[in-house]
Amino acid sequence: MSENATDRREYDVVVIGGGPAGLTAGLYTTRLGHATAVVERGGGRAAMMRDVHNLVGVPAETSGNEFLATGREQLESYGCDVVRDFVSSAVETDDGRFRVCGNDADYLADCLVVATGFDDVRPAPPLPRTGRGLHYCLHCDAYMFVDEPVYVMGASESAAHVAAIMLNFTGDVDLLTRGEDPDWSDETAAMLERHPIDVVTPEITGVRNGDDGWLEALEFDDGTIREYRGGFAMYGSNYHNELAAELGCERNDDGTVAVDDHGRTSVDGVFAVGDVTPGHNQVPVALGEGAKAGIAIHWALREFPREVEEPETAETVRDEEVPGIPDELLEQAIATHTYDD
Ligand SMILES: Cc1cc2nc3c(=O)[nH]c(=O)nc-3n(C[C@H](O)[C@H](O)[C@H](O)COP(=O)(O)OP(=O)(O)OC[C@H]3O[C@@H](n4cnc5c(N)ncnc54)[C@H](O)[C@@H]3O)c2cc1C
């Protein structure tokens, strides 16, 4: 929203991004007694999951969108505002708070969480359907291709290494460079030569899918057709780090936002979690990072115990000042107590 924004909403914590990392940070800060909003524009990598893998307690048939919808409902049930809005700017104010500008409103907060993730760079079409032959996450989906014919698409160092890693799962791996000059080192070229990987250079011209929508084969401009069950595209990541950069947060060379073990960035009061930070790009990792940041924010914001630097003059906490949880969240918490009902 602009300078003249009329809709200004105040919170203790604003989380930018409603994927697994941001929702978890918001769940923790809300349940730990801090008025919280999660502002998210929709989409994100979790929303792209057709099935969810590696998430204990969540059946694989659950889609990313179902998983996220359940998460949003959970947060709202505890009194968190989950808002659909695109954040175009985030700045520190003169009084040390943070102003987040969305299309529909401005949001003021004492602490910010940047959970904006990244986009996988999508190769040019023709391509198999995402999640039905085109995949981006080896740790999520390699298991689906055990003993199946697979491709790895790309001409980079990481594409070559992912092709070799896929040999742990199947004996039938092609590396598709699609007419690009390989960008890998001589050492990697030697590694490829010593492993049973076909480097296929022609461009893809067509995709053959089965009735179930799953990939069956790719057609190439030299007239060949190769059968595949699926594969991985390795063209890098576009990190959504613009807001962190505007806030002055330090970034790493690869574009991730630099954080400590609890998601604290180089700017006091600003945290970053999930795929926009270094580490494994996995839902359980994002959940863990969101949890740790949520707890660290609670440490930073909680009212009690008050610091007692000079015991003789320190004021005693009055009965009416406790509990420290804001009235709205207090009522919500009491309403959600179930005990033996
Ligand atoms: C196809 C696919 C399948 C996958 N399968 C699995 C799997 O089975 N198991 C697994 O563990 N991992 C899987 N992953 C990885 C997993 O999705 C990510 O690691 C995880 O979603 C990261 O969570 P995140 O919250 O950091 O980011 P995201 O899920 O990407 O969420 C980012 C959020 O930021 C918001 N956002 C960004 N910019 C703005 C802005 N300016 N204003 C407002 N909101 C903004 C978006 O709306 C979104 O809500 C898969 C990834 C892909 C692409």
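Coordinates for the structure precede this section.
Presented here is an overview of the structure given in this document. All values reported here derive from a predicted model rather than from experimental measurement.

## Regarding helix α1 (residues 20-31)
Turning to step 1, where the next piece is worked out: With 12 residues, α1 ought to run about 16 Å at 1.5 Å a step, and its terminal C-alpha atoms sit 16 Å apart, in line with that.
Turning to step 2, where the next piece is worked out: Burial analysis of α1 places nine of its 12 residues in the buried class, which makes it a mostly covered element.
Turning to step 3, where the next piece is worked out: Residues P20, A21, G22, L23, T24, A25, G26, T29 and T30 constitute the buried set of α1.
Turning to step 4, where the next piece is worked out: Considering only its buried residues, α1 is in contact with β2 (13-16), β3 (36-40), α2 (64-77), β8 (111-114), α7 (283-301) and α8 (327-336).
Turning to step 5, where the next piece is worked out: One or two steps after α1, the chain reaches G33, where phi turns positive at roughly 95°.

## As for the layout of surface pockets
Turning to step 1, where the next piece is worked out: In this structure, the largest pocket spans a volume of roughly 950 Å³.
Turning to step 2, where the next piece is worked out: Residue assignment for the lining of the largest pocket shows that the elements contributing at least two residues are α1, β3, β5 (87-92), β9 (118-120), β10 (134-135), α3 (138-141), α6 (242-247) and α7.
Turning to step 3, where the next piece is worked out: Here the lining of the largest pocket gets three residues from one element, more than from any other, and that element is β9.
Turning to step 4, where the next piece is worked out: Here the lining of the largest pocket is built from residues that sort into 21 nonpolar, 17 polar and 11 charged.
Turning to step 5, where the next piece is worked out: By volume, the second largest pocket is sized at about 600 Å³.
Turning to step 6, where the next piece is worked out: Residue lining of the second largest pocket: 28 residues in total, with F118, Y136, M234, S237 and N281 positioned closest to the centre.
Turning to step 7, where the next piece is worked out: Broken down by secondary-structure element, the contributors of at least two residues to the lining of the second largest pocket are β9, α3, α4 (157-166), β17 (230-233) and β18 (237-239).
Turning to step 8, where the next piece is worked out: With four residues, α4 is the largest single contributor of residues to the lining of the second largest pocket.
Turning to step 9, where the next piece is worked out: Both domains that furnish three or more residues to the lining of the second largest pocket are identified here as domain 1 (7-119 + 237-301) and domain 2 (134-233).

## Here's the deal with the site of the ligand
Turning to step 1, where the next piece is worked out: Taken together, 34 residues sit near the ligand, with G42, R45, H53, D275 and V283 positioned nearest.
Turning to step 2, where the next piece is worked out: One of the backbone N or O atoms of R45 is found 2.7 Å from an oxygen atom in the ligand.
Turning to step 3, where the next piece is worked out: In this structure, A46 approaches the ligand through a main-chain N or O atom, which is 3.1 Å from an oxygen atom.
Turning to step 4, where the next piece is worked out: In isolation the ligand offers 1000 Å² of accessible surface; the protein chains occlude 97% of this area.
Turning to step 5, where the next piece is worked out: Its atoms largely coinciding with the cavity grid, the ligand occupies the largest pocket.
Turning to step 6, where the next piece is worked out: Going through the elements one at a time, α1, β3 and α7 are the ones with two or more residues in the shell around the ligand.
Turning to step 7, where the next piece is worked out: For the shell around the ligand, the per-class residue count stands at 15 nonpolar, 12 polar and seven charged.

## Let's talk about the nonpolar core
Turning to step 1, where the next piece is worked out: V113 and F271 are the most contacted members of the largest nonpolar core, which has 26 residues in total.
Turning to step 2, where the next piece is worked out: Breaking this core down by element, the ones donating at least two residues are β2, α1, α2, β8 and α7.
Turning to step 3, where the next piece is worked out: When residues of this core are assigned to their parent elements, the largest contribution, five residues, is made by α7.
Turning to step 4, where the next piece is worked out: Among residues more than four places away in sequence, those in contact with V113 are V13, V14, V15, I16, A25, F271, V273 and I297.
Turning to step 5, where the next piece is worked out: Among the nonpolar cores identified, the runner-up in size contains 24 residues, and V39, V114, V257 and A272 belong to it.

## Observations concerning the state of the cysteines
Turning to step 1, where the next piece is worked out: For the structure shown, the criterion picks out one disulfide.
Turning to step 2, where the next piece is worked out: The disulfide that involves C137 links it to C140, with 2.0 Å between the sulfurs. Here C137 and C140 share a disulfide; its torsion about the S-S bond, 70°, makes the bridge right-handed.
Turning to step 3, where the next piece is worked out: C137 gets classed as buried once you look at its relative accessible area, which sits at 13%.
Turning to step 4, where the next piece is worked out: You can see C80 has no disulfide; the closest cysteine sulfur is in C111, sitting 14 Å from it.

## Examining a negative patch on the surface
Turning to step 1, where the next piece is worked out: On the surface, E73, E76, D81, D327, E328 and E331 cluster together to form a negatively charged patch.
Turning to step 2, where the next piece is worked out: At the level of elements, α2 and α8 are the ones that each hand at least two residues to the negative patch.
Turning to step 3, where the next piece is worked out: Of all the elements, α8 adds the most residues to the negative patch, at three residues.
Turning to step 4, where the next piece is worked out: Structurally, E76 is set in helix α2.
Turning to step 5, where the next piece is worked out: Judged by its relative accessible area of 40%, E76 falls in the partly exposed class.

The rules behind the values
Residues numbered from 1 in each chain as written. Predicted model: local features only at pLDDT ≥ 70, side-chain atom pairs only at ≥ 80, totals over all residues. Heavy atoms only, no water. Helix = DSSP H or I, 4+ residues; strand = E, 2+ residues; numbered from the N terminus. Expected span 1.5 Å × (residues − 1). Buried < 20%, exposed > 50% of the residue type's maximum accessible area, 1.4 Å probe, protein only. Contact = heavy atoms within 4.5 Å. 1 Å grid on protein atoms, 1.4 Å probe; cavity = no way out; pocket = protein on both sides within 12 Å on 5 of 7 lines; lining within 4 Å. Points joined across faces, edges and corners; volume = space filled by probe spheres on them. Nonpolar A, V, L, I, M, F, W, Y, C, P; charged D, E, K, R; others polar. Domains from an automatic or database assignment. Near = heavy atom within 4 Å. Polar contact = N/O pair within 3.5 Å; in protein donor to acceptor, adjacent residues only side chain to side chain. Areas by Shrake-Rupley, 256 points an atom, 1.4 Å probe, with all protein chains shown as cover. Sits in = over half its atoms within 2 Å of the grid points. Core = buried A, V, L, I, M, F, W, Y, C linked by side-chain atoms within 4.5 Å. Disulfide = S-S within 2.5 Å. Patch = residues over 30% accessible without salt bridge, like charges linked within 9 Å, V, L, I, M, F, W, Y side chains within 5 Å. Salt bridge = Lys/Arg side-chain N within 4 Å of Asp/Glu carboxyl O. Lys, Arg positive; Asp, Glu negative; His and termini not counted. Charge placed at Lys NZ, Arg CZ, Asp CG, Glu CD.

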